[in-house]
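# Structural overview for review
Here is what each chain is made of, one letter per residue.
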Amino acid sequence: MSDHVVIAGGGLGASRLAEALRGNDFPGAITILAAEDHPPYDRPPLSKSVLLGDDDRVDLKPADYYADNDIDLRLGTRVTGVDPARGRVVLSGADAPAELEYGTLVLATGLRPRPFPGAGGDLPGVHVIRTSDDAAALRAELDGARRAVVIGAGFIGCETSASLTKRGLRVTLVEPAPAPLAAALGPAVAPFVTRLHTEAGVDVRAATSVARILGEGRATGVELDDGTVVDADLVVVGIGGRPDLDYLAGSGIELADPATGGGIACDESGRTSAPHVYAIGDAANWADERGARRRVEHWNHTVDQAVIAAAEIGGHPRPAPTVPYFWTDQYDLKVQLLGSPRPDDTVHVVDDDGRKFLAYYSRDGVLTGVVGAGRVGRLMKTRPHLLTPTPVADLLT
Ligand SMILES: Cc1cc2nc3c(=O)[nH]c(=O)nc-3n(C[C@H](O)[C@H](O)[C@H](O)COP(=O)(O)OP(=O)(O)OC[C@H]3O[C@@H](n4cnc5c(N)ncnc54)[C@H](O)[C@@H]3O)c2cc1C
């Protein structure tokens, strides 16, 4: 069998997988097939430093890294089909051969943002933020704008609200859940995040939906589900994304049940149902050691999966387990979550100065997670307690 590793993607997962393979002295050929025209870049800055005007695009590696490490990076090349029986991918793109043979294929194709489902979603002045081109298009409109509506208070919507507020816009943040980040942090902790936004001057409309985006020729505001009209010079839609897996049609590669997050069904090392085909990152839905499935859209999760899949492909031992970690920057505070708490876990707030906070989550008396804002050192010190079952009482005393 060929030792050619082909990676469909060109984002964080693709770059880190190639880096981990070469770091493990993988001797075979590595090809990255990347749909975008930019070399792999980091997405977290898009809603933060890029919108603030501090960065343009933060590439994951220096320009010559790929050639120096014998990694064939093909930009503007989209995988349009996979044929596991013949070990080939089908490509689009000007210079691409129609097919490319692989020994191992890794799918790292990320997400496509969900468009606004109601009327007005396609008007000029309506933005999403997934790519550096998206962020550049939004940033180009900020100087002339005074008011913005952000639809969806997940982490990208919250970060965008913070960045636009820092840029001097008046922001209305609309969220159908009872509070921003309620799904990720649970109902007891989410109000701490709401507080950050309201104190910064954001008009947070929780438990409210946008019925339609208004405007003729350009977005001029939104109509909420109670009929209220909110005027805006631009609208940002941050209502999540979904893996764009049309290219797997007919491949026989199993997709995960949407109830578990959908995406590409994988075992606990990233193997899909097709031989020699792996999936990592936002598009992948890995099983844990008990067989429970979850699709996670976090930076560290993608990096951990890239390292595990690279070890598997190269025949190396599985890396030591890590603690799930996620961060989001809101205003001047880093909000961090360690572990995998559920929204209905018991919450123990151990520090709250009116802005910064630290809280533990527990289930049946055992620590399941730690969340903090502006408490980086104290939060990180709890990491070992999440690697082995620890009674939350040990930390509370
Ligand atoms: C604005 C923003 C802010 C974020 N902030 C945070 C944060 O603060 N903290 C955090 O933990 N996480 C954050 N994330 C999430 C993090 O960036 C993702 O988890 C990570 O990028 C996932 O990596 P990936 O390789 O799976 O997908 P991506 O990085 O999205 O890369 C996928 C690439 O595959 C390409 N592609 C798609 N289909 C094909 C195809 N058929 N053929 C070839 N190429 C294809 C896409 O064009 C894309 O370039 C943020 C994400 C965004 C968008």
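Moving on: the site of the ligand. Around the ligand, a shell composed of 31 residues is seen, among which Gly-13, Glu-36, Lys-48, Arg-130 and Asp-282 lie nearest. Glu-159 places a side-chain nitrogen or oxygen 3.4 Å from an oxygen atom of the ligand. At 2.9 Å, a backbone N or O of Trp-327 approaches a nitrogen atom of the ligand. Taking 1000 Å² as the accessible area of the ligand by itself, protein coverage stands at 96%. Tallied by class, the residues present in the shell around the ligand amount to 13 nonpolar, ten polar and eight charged.

The sheet built from five strands is open, its strands ordered β3-β2-β1-β7-β19 with parallel pairing. Each having just a single partner strand, β3 (71-74) and β19 (277-279) make up the two edges of the open sheet. Each strand axis lies, on average, 15 degrees off the axis of its neighbour in the sheet, ignoring direction. Examined bridge by bridge, strand β1 (residues 5-9) and strand β2 (residues 30-34) share five bridges and lie parallel to one another. Opposite Gly-9, over in β2, you have Ala-34 as the bridge partner. Along the sheet, helix α8 (residues 299-314) makes contact with β1, β7 (104-107) and β19, crossing β19 at roughly 165 degrees.

Here we come to the packing of aromatic side chains. As enumerated under the stated definition, the model contains five aromatic pairs in all. On the numbers, 6.4 Å between centres and 15 degrees between planes, the contact of Tyr-325 with Trp-327 is stacked. Considered together, Tyr-325 and Trp-327 belong to a single accessibility category, that of buried residues. Connected via pairs of aromatic rings, a cluster forms that spans Trp-299, Tyr-325 and Trp-327. The positively charged end of Lys-61 is found above the aromatic ring belonging to Tyr-65, 4.8 Å away from the centroid. The ring of Tyr-325 is capped by Arg-383, whose NZ or CZ atom sits 5.9 Å from the centre of that ring.

Below, the discussion takes up the nonpolar core. Ile-7, Leu-17, Val-82, Val-89, Leu-107 and Ile-264 are the most contacted members of the largest nonpolar core, which totals 46 residues. Apart from residues lying up to four places away in sequence, Val-89 is in contact with Val-6, Leu-33, Val-79, Gly-81, Val-82, Ala-98, Glu-99, Leu-100, Tyr-102 and Leu-105. Within the second largest apolar cluster, 38 residues are counted, among which are Ala-135, Phe-192, Val-236 and Tyr-331.

What follows concerns the pattern of salt bridges. What the rule picks out here adds up to 29 salt bridges. Linking Asp-83 and Arg-86 is a salt bridge whose minimum nitrogen-to-oxygen distance equals 3.1 Å. Judged by relative accessible area, which is 23%, Asp-83 ranks as partly exposed. Exposure remark for Arg-86: the relative accessible area of 42% places this residue in the partly exposed category. With a closest N to O distance of 2.8 Å, Asp-244 and Arg-112 form a salt bridge. Of this pair, Asp-244 sits in the loop between β17 (241-242) and β18 (264-266) while Arg-112 sits in strand β8 (residues 112-113), placing them 132 residues apart in sequence.

Moving on to helix α7 (residues 190-199). With seven of ten residues buried, α7 is to be regarded as a mostly interior element. Those residues of α7 lying buried are Ala-190, Phe-192, Val-193, Thr-194, Arg-195, Leu-196 and His-197. Of the residues one or two after α7, Gly-201 is the one with positive phi, at around 105 degrees.

Here we come to the domain arrangement of the protein chain. It is common to give the size of an interface as the accessible area lost on bringing the parts into contact. Taken as a whole, the protein chain is organised into domain 1 (5-111 + 243-314), domain 2 (115-239) and domain 3 (332-396). Averaged C-alpha coordinates put domain 1 and domain 3 at centres separated by 31 Å.

Quick look at the side chain of Ser-362 now. Structurally, Ser-362 is set in strand β25 (residues 357-363). Of the residues examined, Ser-362 reaches a relative accessible area of 4% and is grouped as buried. Separated by 2.8 Å, the side chains of Ser-362 and His-348 make a polar contact.

Definitions and limits used
- Residues numbered from 1 in each chain as written.
- Predicted model: local features only at pLDDT ≥ 70, side-chain atom pairs only at ≥ 80, totals over all residues.
- Heavy atoms only, no water.
- Near = heavy atom within 4 Å.
- Polar contact = N/O pair within 3.5 Å; in protein donor to acceptor, adjacent residues only side chain to side chain.
- Areas by Shrake-Rupley, 256 points an atom, 1.4 Å probe, with all protein chains shown as cover.
- Nonpolar A, V, L, I, M, F, W, Y, C, P; charged D, E, K, R; others polar.
- Pairing = 2+ DSSP bridges.
- Helix = DSSP H or I, 4+ residues; strand = E, 2+ residues; numbered from the N terminus.
- Axes fitted to C-alpha atoms, helices over the stretch in contact; angles between N-to-C directions.
- Contact = heavy atoms within 4.5 Å.
- Phe/Tyr/Trp six-rings, centres within 6.5 Å; stacked < 30°, edge-to-face > 60°.
- Buried < 20%, exposed > 50% of the residue type's maximum accessible area, 1.4 Å probe, protein only.
- Lys NZ or Arg CZ within 6 Å of the ring centre and 35° of its normal.
- Core = buried A, V, L, I, M, F, W, Y, C linked by side-chain atoms within 4.5 Å.
- Salt bridge = Lys/Arg side-chain N within 4 Å of Asp/Glu carboxyl O.
- Domains from an automatic or database assignment.

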